[in-house]
Amino acid sequence: MDKTLAERNRIQLTLTDYSHFLQSMLDRTKAGDMIGTMGLMGKSLVIRNLTILASLYEISKVRISEDYPKTVRQIQESFPLIDIEFISEAKCNQAMSLSRRSYDALSYTTTALTNETSENSNQPICPNNPFILSEQMGSEASLQLPLNSVLWFSKAGKVKLYADLIMYPWDFLNYSQKILQEEVKESQISETASIAKSSIIEGPCIIEDDVIIDDFCKVKGPTYIGKGSYIGMGSL
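Reading the values: the criteria
Residues numbered from 1 in each chain as written. Predicted model: local features only at pLDDT ≥ 70, side-chain atom pairs only at ≥ 80, totals over all residues. Heavy atoms only, no water. Helix = DSSP H or I, 4+ residues; strand = E, 2+ residues; numbered from the N terminus. Buried < 20%, exposed > 50% of the residue type's maximum accessible area, 1.4 Å probe, protein only. Areas by Shrake-Rupley, 256 points an atom, 1.4 Å probe, with all protein chains shown as cover. Pairing = 2+ DSSP bridges. Right-handed = clockwise from strand over helix to strand, strands pointing away. Contact = heavy atoms within 4.5 Å. pLDDT = per-residue confidence, 0-100. Patch = residues over 30% accessible without salt bridge, like charges linked within 9 Å, V, L, I, M, F, W, Y side chains within 5 Å. Salt bridge = Lys/Arg side-chain N within 4 Å of Asp/Glu carboxyl O. Arc of directions from axis to C-beta. Axes fitted to C-alpha atoms, helices over the stretch in contact; angles between N-to-C directions. Nonpolar A, V, L, I, M, F, W, Y, C, P; charged D, E, K, R; others polar. Core = buried A, V, L, I, M, F, W, Y, C linked by side-chain atoms within 4.5 Å.

Things to note about the overall build of the chain
For step 1, the next point in the chain: Of the regular secondary structure elements, the chain holds five helices and 17 strands.
For step 2, the next point in the chain: Looking at the chain as a whole, 47% of its 236 residues qualify as buried.
For step 3, the next point in the chain: With the model as given, the accessible surface of the chain reaches about 12,500 Å², and the carbon-plus-sulfur share is 50%.

In structure tokens:
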């Protein structure tokens, strides 16, 4: 009997580019590398996603096109024990296309990855997006994840993890806000941050190293302020 992803502790991950706004402005390979390494709360998108998956499962291998050197370098630096297999982007896209055509026949269920709106646990976490779980890998599950996808936690109800696609610039802003609401529940202020006594910190905030917040500012959480940021006088 086939096991679901939750019952399989090991997964293989295939990363590929998918339609998004940067492709209209840059060469496709540069667009894929840029979207995957876009910063989100102190980590690049791909490293954030891998960190979340690695907290749930053992990632035995990442399959990715060598056309994305910056993304590959970040993965190797952050996860040196994960094997990297280079495959062509065309092969990645072909696998994605085949999986989407076989969509209804695949098993997507896991206790950790569940759909936001459906009460049926057999629904995928991204019913309209190409986040594909394949049951064709023997003792391991194969997960195909677009570089422009973002994983985020929700502790409401039984739902633990969502995935969405960043296709337009405003998607990045919307999902950033979602993540702040779901994940920033208490303040974490670096000892090297400098905050003026006349400034007010209200609500949960993450303030990284070497941040400077000048006089008469008001920071209202949930908020993330990245390393080395400067908040000028009177900012709200």
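Moving on, there is more to tell.
As for the pairing of strand β5 (residues 83-86)
It is a general feature of regular strands that their side chains alternate between the two faces of the sheet.
For step 1, the next point in the chain: As paired strands, strand β4 (residues 58-64) and β5 are joined by four bridges and run parallel to one another. From the neighbouring strand, K61 faces β5, where its bridge partner is D83.
For step 2, the next point in the chain: With helix α3 (residues 69-78) bridging β4 and its parallel neighbour β5, the resulting β-α-β unit is right-handed.

Digging into the side chain of T37
For step 1, the next point in the chain: Positionally, T37 belongs in the loop between α1 (28-36) and β2 (39-40).
For step 2, the next point in the chain: According to the relative accessible area criterion, T37 is buried, its value standing at 13%.
For step 3, the next point in the chain: Ignoring sequence-local partners within four residues, the contact set of T37 consists of S44, L45, K70, T71 and Q74.

Section: the sheet that holds strand β11 (residues 194-195)
For step 1, the next point in the chain: Taking strand neighbours across the sheet as the criterion, the three strands line up as β11-β14-β17 in an open arrangement whose pairing is parallel. Either end of the sheet is taken by a strand with one partner, and the two such strands are β11 and β17 (230-231).

A look at the confidence of the model for the chain
For step 1, the next point in the chain: Per-residue confidence for the chain gives a mean pLDDT of 76, with 71% of residues at or over 70.
For step 2, the next point in the chain: The weakest mean pLDDT in the chain belongs to strand β6 (residues 132-137) at 42; the strongest belongs to strand β14 (residues 212-213) at 95.
For step 3, the next point in the chain: Contacts of residues 1-7 to residues separated by more than four positions or lying in other chains number 17 contacts, the stretch itself having pLDDT below 50.
For step 4, the next point in the chain: Counting contacts from residues 98-138, a segment whose pLDDT is below 50, to residues more than four positions away or on other chains yields 86 contacts.

A short note on a nonpolar patch on the surface
For step 1, the next point in the chain: On the surface, a nonpolar cluster with roughly 280 Å² of combined accessible area is contributed by M25, L26 and M34.
For step 2, the next point in the chain: Judged by its relative accessible area of 31%, L26 is partly exposed.

Let's talk about α3
For step 1, the next point in the chain: Residues of α3 that are buried: T71, V72, Q74 and I75. Projection of α3 onto a plane perpendicular to its axis shows the buried side chains occupying an angular sector of 160°, all on one side.
For step 2, the next point in the chain: Where the residues of α3 are buried, they touch β1 (10-16), α1, β3 (43-44), α2 (45-56), β4 and β5.

A few points about the packing of α1 against α3
For step 1, the next point in the chain: Where α1 contacts α3, the two axes come as close as 7 Å, and the packing angle between them is 35°. Within the contact between the two elements, α1 uses G32, D33 and G36 and α3 uses P69, K70 and T71.
For step 2, the next point in the chain: Across the contact of α1 with α3, the residue classes tally to one nonpolar, three polar and two charged.

Here's the deal with the sheet that holds strand β10 (residues 188-189)
For step 1, the next point in the chain: Strand order in the open sheet formed by three strands is β10-β13-β16, with parallel pairing between adjacent strands. Each end of this open sheet is capped by a strand with a single partner; those strands are β10 and β16 (223-225).

Some details on the nonpolar core
One broad trend across soluble globular proteins is that nonpolar side chains are buried collectively.
For step 1, the next point in the chain: Core analysis: the largest hydrophobic core is formed by 37 residues, its most contacted members being L13, L15, L50, I59, V62 and I166.
For step 2, the next point in the chain: Broken down by element, this core gets its largest block of residues, six residues, from α2.
For step 3, the next point in the chain: For I166, the residues in contact, after removing those within four places along its chain, are H20, F21, I35, L45, N148, V150, D171, F172 and Y175.
For step 4, the next point in the chain: Among the nonpolar cores identified, the runner-up in size contains eight residues, and A193, I207, V211 and V219 belong to it.

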